[in-house]
Protein chains: 2
Amino acid sequence: MRITPLTELIDRSHKLQEKLREQDIDATILVQNSDLFYFTGSIQRGLYYLPAEGEPLYFVFRDQGRARMESGLFHVVPLDRLGSLPGELVRRGLPLPQRAGMEFDVLPVVELQRYKKLLPATELVDVSSLVRTVRAVKSSYEIEIMKDGALLADRVYEQAKNLLVVGKTDHEVMAELFSFALKEGHQGLIRMRRFNAEMFFGHIFSGADGAVPAHLDAPLGGLGTTPAVGQGAGHKKIAAHEPIIVDFIIAYDGYLVDQTRTLSIGPLPDKLLRAYADMLEIQKLMFELARPGLSWSELYQRCHERACEMGHEQHFMGSSPSQVRFIGHGIGIEVDEYPFIAAGFDDQVLLPGMTFAFEPKVVFPGVGAVGIENTWWVTQEGVKRLTYSHEDLWQLPLPAST
Amino acid sequence: MRITPLTELIDRSHKLQEKLREQDIDATILVQNSDLFYFTGSIQRGLYYLPAEGEPLYFVFRDQGRARMESGLFHVVPLDRLGSLPGELVRRGLPLPQRAGMEFDVLPVVELQRYKKLLPATELVDVSSLVRTVRAVKSSYEIEIMKDGALLADRVYEQAKNLLVVGKTDHEVMAELFSFALKEGHQGLIRMRRFNAEMFFGHIFSGADGAVPAHLDAPLGGLGTTPAVGQGAGHKKIAAHEPIIVDFIIAYDGYLVDQTRTLSIGPLPDKLLRAYADMLEIQKLMFELARPGLSWSELYQRCHERACEMGHEQHFMGSSPSQVRFIGHGIGIEVDEYPFIAAGFDDQVLLPGMTFAFEPKVVFPGVGAVGIENTWWVTQEGVKRLTYSHEDLWQLPLPAST
């Protein structure tokens, strides 16, 4: 169990304060679990109050004792109810803010209404993008945790090789592999920021099930076991000579890494082997291009162009018309952080310290999917790979009886 | 894989339409996964548009083919982007609504802003409570699915007896038991409605770890393995003569049931045995009192009073000051549905078809927790039990070496 050091928390608050001052925002109130964890080291129920100048306060409803253990912040303040907040601020010599930021991208409407009632003279504005921009650039402390996650990702991948057997279902393999990951330290919960986005731990698909699109904004979706979930491993039995996708998100000490490998039992058709080699090429192109200052959308465009030149226009990142318009996604506390290596959503440039998963994949309906995914971090010199399992399309032996 | 019958979907839409008309609301637009699943049978990305009179439409961004397979509704309409919605409505002869409802309790602020821009002449109002009230009353179709979940809950509980061993950690047992549940059909994902509320699958705690409070609005929290999650099974090793809580939520075909049992390895101190017997008494009192027409808060008050008379005031539903002010929670597609058997939040009365988990528990800091939980449904005559595992405080034999 790792406790976020105070130096980290202070540094993070300073970065956000700088952005608040640039936008003439007097203070920000953050309440969502991932943001609380990032700025306080804890997700005990409460709110993080950061004035544009001065020290942050962590007001806690429940559990107060735990918040004091988990958060290194100086000011961990018990709060009986939200209505006491303005009084507590005034009592501490903090003026009520004229303009205050909140996370409009995740905050439910009723919650905003409560804060409006509480602070009637305050203009509440959206700081989601500021918060996400600060969080996108990881410290070396955060990178170290993600490296630990990458170690676990490799053990999980090696274990997958032991579990894949002709006749077993994708769902059974998933249950066994996830159990292994939990025992090795996986935290269980995986967080996504986007509204309605849900993720269990990742995906295991064999053959045609790898080509079933879903509601999720991802190249692969999967049938799942019920329309109530509508994604993920289903009850398809694994067969020989079909591509098997192991797309596993490791969540460890609050941080995620994402890694995908393709395997098969017995040889695959040449078409799939060539497509897999092409995806490695796309990854190589990303590796050559990515550097601080490059825009997220340009990186996307260049890699997308190459995939089209290779003849994958109709099958890259999903099969037409169910394609997604990204190849990579920022990753850290959440699966869907900045940067988006995408066709121009919230476009910015790569900065040293940003971390992202890059996942070139091709999808053939009725056949399956092949592809690769690693988690990377941006340095002054270019990108470095965090996840490191070997990248061969791994071929397991055919069972003796086949 | 179960597909929701059209008769169910039509019946559900009629109930909501009745409530819309009572409140002079012309239409409702629902977008959250649980509500989409309830009203369309699918959670493909899109929106459910229900005029106060006439037939519902399911507009789908992604994946459109899947939505047509999964939803029995007549009108499953592909939509390229949200901006096309008003035109599509008009094209189908539907007037743009003057007053339209949305789910303000879960809808992020930015999403509401998008709809306001899209429908500038429409007054958007909160229909969360109407939707939750409709969803609270289950049909016999829904009850049957929950009965299937209860079968699985019993198998999981029986398996827990095989996995609990002195020296194994709570987290290890959790990993093994969850894997078992997944293989038996558990869907993996568990949904909570409340902002920031997260649930992995439930909780397994031995001894003192059962008494660690957390941010979660629940009587037991647990240390977990990282402050980033801040709840759940931790790395405590199971010992003899301490209470072991197995609180497992089954999610099956979209519906949840919740069951808790207390076990031990070797005998427990008399104080804990007496407390457990008291919790069975509280459950019996609930069983005697609960009937259609009784208010949720009265049921809570009566049971809470009895717990206080028994001397548990400081330890019932958490240890003071970390107690929660409820004993039961509605359950269905989400863990935190109506009714709340609580001290007066959104108070209403019990109605036939409502389903809830009732979980009297006592918590002793440094020692652990004991208690019981079952899922119930309200009938004309009173409540019936859905989960049915035997209710003895189960004592496993001491290992030979102890």
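Quick caveat, the model's predicted, so the values are computed rather than measured. Think of each chain on its own: its residues are numbered from 1, step by step along the sequence as written. Lettering of chains starts at A and numbering of ligands starts at 1, both following the order in which they are written. Side-chain atom pairs in this predicted model are given and counted only at pLDDT of 80 or more, local residue features only at pLDDT of at least 70, and totals for whole chains, interfaces and linings cover all residues. In computing side-chain values, all of the structure's heavy atoms are included and hydrogens and water are not.

A.B. asks: Tell me about the domain arrangement of chain A, and name the residues and values.
C.D. replies: Residues and elements named next belong to chain A. Split into domains, chain A comes out as domain 1 (6–135) and domain 2 (137–396). Each domain's extent was defined by an automatic or database domain assignment. One C-alpha centre belongs to domain 1, the other to domain 2; they are set 34 Å apart. Defined here as a combined quantity, buried area equals the accessible surface (1.4 Å probe) lost by two parts on assembly, summed across both. Across the domain 1/domain 2 interface, buried area totals approximately 1500 Å², and carbon plus sulfur atoms make up 41% of it. The largest share of the area that domain 1 buries against domain 2 comes from Phe37, Arg132 and Arg135, three residues that together contribute 42% of it. Think of a salt bridge as a Lys or Arg side-chain nitrogen and an Asp or Glu carboxyl oxygen that are within 4 Å of each other. Seen at the junction of domain 1 and domain 2, the total is 5 salt bridges. Between glutamate 337 and arginine 135 there is a salt bridge; the shortest N-O distance is 2.7 Å. Here a polar contact is recorded for every N or O atom pair within 3.5 Å, except that within protein the pair must consist of a potential hydrogen donor and a potential acceptor, and residues adjacent in sequence are included only if both atoms are side-chain atoms. Along the contact surface separating domain 1 from domain 2 lie 14 residue pairs in polar contact (both at pLDDT 80 or more).

A.B. asks: Give me the sheet that holds strand β3 (residues 57–62) of chain A: which residues, what numbers.
C.D. replies: Residues and elements named next belong to chain A. If you walk across this open sheet you meet the 6 strands as β4-β3-β2-β1-β5-β6, and the pairing is mixed. The sheet terminates laterally at β4 (75–78) and β6 (123–126), the two strands that pair on one side only. Strand-to-strand twist of the sheet, defined as the mean angle between neighbouring strand axes without regard to direction, takes the value 25°. Note: two strands are recorded as paired if DSSP finds a minimum of 2 bridges between them. The helix count covers DSSP runs of H or I at least four residues long, the strand count covers runs of E at least two residues long, and both are numbered beginning at the N terminus. Direction of pairing for strand β1 (residues 27–30) relative to strand β5 (residues 99–102): parallel, over a ladder of 2 bridges. Across the sheet, alanine 27 pairs through a bridge with alanine 100, a residue of β5. The contact definition used throughout considers only heavy atoms, calling two residues in contact when any of these lie within 4.5 Å. A fitted line through C-alpha atoms serves as each axis, taken over the contacting stretch for helices, and the angle formed by two N-to-C directions is quoted from 0 to 180°. The sheet strands contacting helix α1 (residues 6–22) are β1 and β2 (45–51), and the helix crosses β2 at an angle near 60°.

A.B. asks: Any chance you could break down the packing of helix α1 (residues 6–22) of chain B against helix α6 (residues 128–136) of chain B for me, citing the residues and the numbers?
C.D. replies: Residues and elements named next belong to chain B. One way to put it is that α1 packs onto α6 with a least axis distance of 10 Å and a crossing angle of 140°. What the angle tells us is that α1 and α6 run oblique. Seen along the crossing, α1 lies across α6 with a hand that is right-handed. Between α1 and α6, the contacting residues are Arg12, Lys15, Leu16, Lys19 and Leu20 on the first element and Leu130, Val131, Thr133 and Val134 on the second. When its residues are assigned to classes, the contact of α1 with α6 shows 5 nonpolar, 1 polar and 3 charged. Orientation categories follow fixed angle ranges, with anything under 35 degrees roughly parallel, anything over 145 roughly antiparallel, 65 to 115 roughly perpendicular, and all other angles oblique. For any pair of crossing helices, the crossing counts as left-handed if the nearer helix is rotated counterclockwise from the farther one by less than a right angle, and right-handed if it is rotated clockwise. As a working rule, the residues Ala, Val, Leu, Ile, Met, Phe, Trp, Tyr, Cys and Pro are called nonpolar, Asp, Glu, Lys and Arg charged, and the rest polar, with Gly in that last group.

A.B. asks: Go over the nonpolar core with me, naming the residues and quoting the values.
C.D. replies: Among the buried residues, those of types Ala, Val, Leu, Ile, Met, Phe, Trp, Tyr and Cys that are joined through side-chain atoms within 4.5 Å form a nonpolar core. In this scheme, a residue with accessible area under 20% of its type's maximum is buried, one over 50% is exposed, and one in between is partly exposed, where area comes from a 1.4 Å probe on protein chains only. Residues Leu16 and Phe178 of chain A together with Leu16 and Phe178 of chain B are the most contacted members of the largest nonpolar core, which totals 141 residues. Other than its neighbours up to four places away in sequence, leucine 16 of chain A contacts Thr28, Leu30, Phe39, Leu50, Leu130, Val131 and Val134 of chain A.

A.B. asks: Talk me through the pairing of strand β15 (residues 374–379) of chain B; I want residue IDs and the actual numbers.
C.D. replies: In summary, the side chains of a regular strand alternate between the two faces of the sheet. Residues and elements named next belong to chain B. Counting buried residues along β15, 6 of its 6 residues qualify, which places the element largely inside the surrounding structure. Bridge count for strand β12 (residues 355–358) against β15 is 4 bridges, and the pairing is antiparallel. Bridged to alanine 357 within β15 is threonine 375. Relative to strand β16 (residues 382–385), β15 is paired through 4 bridges, and the arrangement is antiparallel. Among the inter-strand pairings, tryptophan 376 is bridged to a residue of β16, identified as arginine 385.

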